[in-house]
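An overview of the molecular structure
Here's the letter readout for the chains.
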Amino acid sequence: MTANQTKKSVPSFTSDIRQGVSNEGCLVLYSGGQDSATCLAWALEHFDRVETIGFDYGQRHKIELECRENLKQKLIQNFPDWAAHLGEDHMLDLAVLHQVSDCALTRETEIAFGEDGIPNSFVPGRNLLFFTFAATIAYRRGLRHIVGGMCETDYSGYPDCRDDTIKALQVAINLGLERRLVLHTPLMWLDKASTWQMAEEVGGKELVEIIRQESHSCYLGEREILHDWGYGCGHCPACELRAAGWESYQKSCS
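Since this is a predicted model, take the numbers as computed values, not measurements. (Residues numbered from 1 in each chain as written. Predicted model: local features only at pLDDT ≥ 70, side-chain atom pairs only at ≥ 80, totals over all residues. Heavy atoms only, no water.)

As a further point, take the sheet that holds strand β5 (residues 182-184). Read from one edge to the other, the open sheet built from five strands follows the order β3-β2-β1-β4-β5, with strand pairing classed as parallel. This sheet does not close on itself; its edge strands, each paired only once, are β3 (86-93) and β5. In this sheet, adjacent strand axes meet at a mean angle of 25 degrees when their direction is disregarded. As paired elements, strand β1 (residues 26-29) and strand β4 (residues 145-147) share three bridges and run parallel to each other. When the bridges of β4 are listed, C26 appears paired with H145. Across the face of the sheet, helix α1 (residues 34-46) comes into contact with β1, β2 (50-56), β3, β4 and β5 while running at roughly 165 degrees to β1. (Pairing = 2+ DSSP bridges. Helix = DSSP H or I, 4+ residues; strand = E, 2+ residues; numbered from the N terminus. Axes fitted to C-alpha atoms, helices over the stretch in contact; angles between N-to-C directions. Contact = heavy atoms within 4.5 Å.)

A word on the pattern of salt bridges. Taken as a whole, this structure holds 11 salt bridges when the rule is applied. The partner of K72 in a salt bridge is E69, with the nearest N and O atoms 4.0 Å apart. Of this pair, K72 and E69 are both found in helix α2 (residues 63-78), three residues apart, which corresponds to roughly one turn of the helix. For E69, a relative accessible area of 32% puts it in the partly exposed group. Here K251 ties to E247 by a salt bridge, and the two come within 3.7 Å at their closest N and O atoms. In this pair, K251 and E247 are both assigned in helix α8 (residues 237-253), four residues apart and thus about one turn of the helix distant. Residue class for K251 comes out exposed when judged on its relative accessible area of 59%. Owing to a relative accessible area of 46%, E247 belongs among the partly exposed residues under this scheme. One salt-bridge network, in which partners are shared between bridges, spans R49, E51, E88 and R141. (Salt bridge = Lys/Arg side-chain N within 4 Å of Asp/Glu carboxyl O. Buried < 20%, exposed > 50% of the residue type's maximum accessible area, 1.4 Å probe, protein only.)

Right, let's get into the packing of aromatic side chains. Here the structure, examined in full by the defined rule, presents six aromatic pairs. Between the aromatic rings of W42 and F47, the centroid separation amounts to 6.3 Å while the plane-to-plane angle is 65 degrees, which identifies the pairing as edge-to-face. Pairing F79 with W82 gives two aromatic rings, centres 4.3 Å apart and planes at 15 degrees, and the pair type is stacked. Considered together, F79 and W82 belong to a single accessibility category, that of buried residues. By way of ring pairs, the aromatic residues W196, W246 and Y249 are connected into one cluster. Over the aromatic face of Y139 sits the side chain of R179, whose NZ or CZ is 3.9 Å from the ring centroid. (Phe/Tyr/Trp six-rings, centres within 6.5 Å; stacked < 30°, edge-to-face > 60°. Lys NZ or Arg CZ within 6 Å of the ring centre and 35° of its normal.)

Here is the structure:
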């Protein structure tokens, strides 16, 4: 545990990694958002070798790709122990996803909910593709573990964020690659308040502040106004979730 970290008795949001696994290396799906930034810190705490992967798919909030680099540099500057474990970053051009998608994250259209309760910000197949491409990189780089920030406790109802989806995908990937890769989703059963708490447990208040200011979650790419919970428009589903989680987290700290 680094000097910057805060020790807590209960509850603990960090997962126990089996002895001997930490040196196998992992690849983190890292977008620059709150969830992926928390997962990156979690991975750096658990694995000796950590690489990152990002995707440019013509997303409406493309500013997140700029934020991911700034945030990573802050981690390197403020957590030297983690910096020693941080390896190569991989950025993939998935413009084809923009071409085949017609949703609020790839088009200039108002965010709304469909009859099935799923918002039109859902990019069909996005996480399936992300994990599949990540698996090809992990295969080539000799990385056994892949970490993603998917969650079905406090989310927008995206079906590719659900635990059953990730478990099924892990089976398919392992069969197709003839490998035993492990897909980790450390946030799967956490709400946004608990995600903030997990960040504090992993890296203390210092990490919380870095994620608050440097990460990006807003679907509209708004970074003009710094709210208590971070930058964003304040009214898209991502901002509302993040703001509500921050408020609940702050109450638990008082």
